[in-house]
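Structure at a glance
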Amino acid sequence: MMDTTALDWELDVGWHPGYPELTHVVNRLPANFRERAMTRGIIVDDPSTGITETQILSEIYGCRKLQSLVLTGVRDISDRTIIELARTVGGLRGLQINGCKYVSDVSILELVTQAPPLEYLYVGGGVVLTDPTISAIAKTFPKLQELDLSEGPLITAVSVRDVWSFSRRLRCLSLARCPQLTDTAFPCRIKDRGKRPETEDKPLPHRPLTWIERLEPLMLRHTAVDMRILDLSGLAKITDEAVAGVVVHCPVLDNLSLAGCTSLTDDALESVSNLGVSLSTLNLARMPRITDSGVMKLAQKCIELRSIDLAFCRQLTDLAVMELAGLQKLTRLVLVRVPKVTDNAIYFLGDHTPTLERLHLSYCDRISLKSLHHLIRRNRQLKHLTVTGVPAARRKGLSKFSEPPPEVFRAFSGENIGKLCQFLDKEKTRRRLAEAQNIPFVARSDDRMDLY
């Protein structure tokens, strides 16, 4: 999710009313002195360019009016570059160094001390930072709008609570795959303060609490009214209570990812449904405990949903798909390895979801070629269809319409969907002619009308 929106701000920094020639440089370095004087953004996100840390350092000294810097394609970036950047560039607005594993707390703390208040900071993807550094970022950069802390192995609830408390202008936050995070890292619903969950199960044996579990619930008087994108994927330790608190604190989320949060149940989906019409993109992949009931509640309230990912949710059936098919603006649906989906759901999608543009049905074993034919005939807006691993899609003649490699991969897009529809139309006509003439039907790999 973060990857698709991370560069929006880099493209915006190249214009300012006082500088009609401001520009940004992509996957190269400024060529001359004049270009260095005009450059306000350098984006190096392709490792194949061969640009090194030494070259970046020389450009930092030359581009004194630099505002944004993306260095995800320069893998040898270290603390030295970030320290020089903080000391040299006085107008820096944003920095993206995801995946730069040689960057540590030393340089980020120097950035916090020397740089002006940043608006965008991406230090995820394996950059190892500790809680004091994250807390310093949250407390020192009041204008921060986008923050990526994904895959931080040492980040705990202590620093994330500071992010919720002090970074009140955030509109994009990623905490994906931070293995130490639990419910204590997230806002708590005020109405639940002091209450303990009621249960009829036999109580578990006493277990000593860790210092993180002893933290008081995070009660916040403000709400994150600017938060639009939140990525919590891969947080296996969070429960339904954490999701409920997040929804109360971020009431107008547009894009939410909970993929891989294996402890969540239908109660979490009921909380997410309270986002209502503000929610347009939702990722629920690899959540094995959710059922049709939770998806149905979600579809009934979040009527503006445009994209939903339900891959590897093995308990879902045709009922959930049919409920989602009624969404008037649904353009993308992912049902990869949802084994209980049958032809009934595919027929229903073809008849009731004319807005669907991208559909992923890989490894749904119960789907037939007849239902797929009905889908692509009725849905003229469909631009991409993935049916890898579906037995019905392995028959001869279909591979020529698929994206390469055609041997095992079955993905149809663009004009190939129309060609596939024509191929199946002719096959349907041949089948009817063969039945009328009492001739055994034989599938062909070409589109000729011969019955023999």
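In the block above lies the structure referred to throughout.
The model shown is predicted, which means the values in this text are computed figures rather than measured ones. (Residues numbered from 1 in each chain as written. Predicted model: local features only at pLDDT ≥ 70, side-chain atom pairs only at ≥ 80, totals over all residues. Heavy atoms only, no water.)

Looking now at the overall build of the protein. Across its full length, the protein holds 15 helices and 15 strands. For the protein, the residues scored as buried account for 52% of the 452 residues in total. Put simply, 74% of the contacts in the protein that link residues at least 6 apart link residues at least 24 apart. Counting only carbon and sulfur atoms, one obtains 52% of the accessible surface of the protein, whose full area is about 21,600 Å². (Helix = DSSP H or I, 4+ residues; strand = E, 2+ residues; numbered from the N terminus. Buried < 20%, exposed > 50% of the residue type's maximum accessible area, 1.4 Å probe, protein only. Contact = heavy atoms within 4.5 Å. Areas by Shrake-Rupley, 256 points an atom, 1.4 Å probe, with all protein chains shown as cover.)

Looking now at empty space enclosed by the protein. Evaluated as defined, the whole model comprises 3 cavities of 30 Å³ or more. Of the voids in this model, the largest cavity is the one considered here, and its volume is about 60 Å³. Forming the boundary of the largest cavity are V163, W164, S167, R168, L170, H222, T223, A224, M227 and H249. Taken together, the residues that form the lining of the largest cavity break down as 5 nonpolar, 4 polar and 1 charged. Elements that contribute at least two residues to the lining of the second largest cavity include exactly α14 (369–378) and α15 (415–436). (1 Å grid on protein atoms, 1.4 Å probe; cavity = no way out; pocket = protein on both sides within 12 Å on 5 of 7 lines; lining within 4 Å. Points joined across faces, edges and corners; volume = space filled by probe spheres on them. Nonpolar A, V, L, I, M, F, W, Y, C, P; charged D, E, K, R; others polar.)

So, on to the pairing of strand β1 (residues 23–26). Taken together, the 4 bridges between β1 and strand β2 (residues 39–43) define a ladder with parallel strand orientation. Within β2, the position partnered with V25 by the bridge is I42. Taking the sense of rotation as the criterion, the β-α-β connection linking β1, helix α3 (residues 33–38) and β2 turns out right-handed. (Pairing = 2+ DSSP bridges. Right-handed = clockwise from strand over helix to strand, strands pointing away.)

Going through the model one piece at a time under the given rule, you end up with 13 salt bridges. For D351, the salt bridge goes to R378, with nearest N and O atoms at 3.0 Å. Taken together, the residues D351 in helix α13 (residues 343–352) and R378 in helix α14 connect sequence positions 27 residues apart. (Salt bridge = Lys/Arg side-chain N within 4 Å of Asp/Glu carboxyl O.)

Here the focus is the nonpolar core. Core analysis: the largest hydrophobic core is formed by 121 residues, its most contacted members being W164, F186, L258, L284, I308, L333 and L385. A per-element tally of this core places α15 first, with 5 residues. If we ignore the near neighbours within four places in the chain, the residues touching W164 are L173, A185, F186, P187, L218, L220, H222, M227, L230, H249 and C250. Counting 5 residues, the second-largest nonpolar core is a separate cluster that includes A259, A285, A311 and V334. (Core = buried A, V, L, I, M, F, W, Y, C linked by side-chain atoms within 4.5 Å.)

Turning next to the packing of aromatic side chains. Under the definition given, this model contains 2 aromatic pairs. Ring centres of F401 and F423 lie 5.6 Å apart, and the angle between their planes is 55°; on these two criteria the pair is classed as tilted. In this pair, F401 sits in the loop between β14 (384–386) and β15 (411–413) while F423 sits in helix α15, placing the two residues 22 residues apart along the sequence. Note that R286 overlies the ring of F312, its terminal NZ or CZ placed 4.0 Å from the centroid. (Phe/Tyr/Trp six-rings, centres within 6.5 Å; stacked < 30°, edge-to-face > 60°. Lys NZ or Arg CZ within 6 Å of the ring centre and 35° of its normal.)

Mapped onto the elements of the fold, Q55 is located in helix α4 (residues 53–62). The class of Q55 is partly exposed, set by a relative accessible area of 34%. C-alpha of Q55 to C-alpha of L29: the two residues are 26 residues apart in sequence and 8.3 Å apart in space. Each residue touching Q55, except ones within four places of it in the same chain, is listed here: L29 and G50.

Let us now look at unusual backbone geometry. One non-glycine residue, N27, adopts positive backbone phi at about 55°. Residue placement: N27 occurs in the loop between β1 and α3. We note that R177 has phi near 60°; this positive angle belongs to a residue other than glycine. Inspection of the secondary structure assignment puts R177 in the loop between β7 (172–174) and β8 (229–231).

For α15, with 22 residues, the first-to-last C-alpha span of 32 Å sits near the 32 Å given by 1.5 Å per residue. N438 sits one or two residues past α15 and shows a positive phi near 55°. (Expected span 1.5 Å × (residues − 1).)

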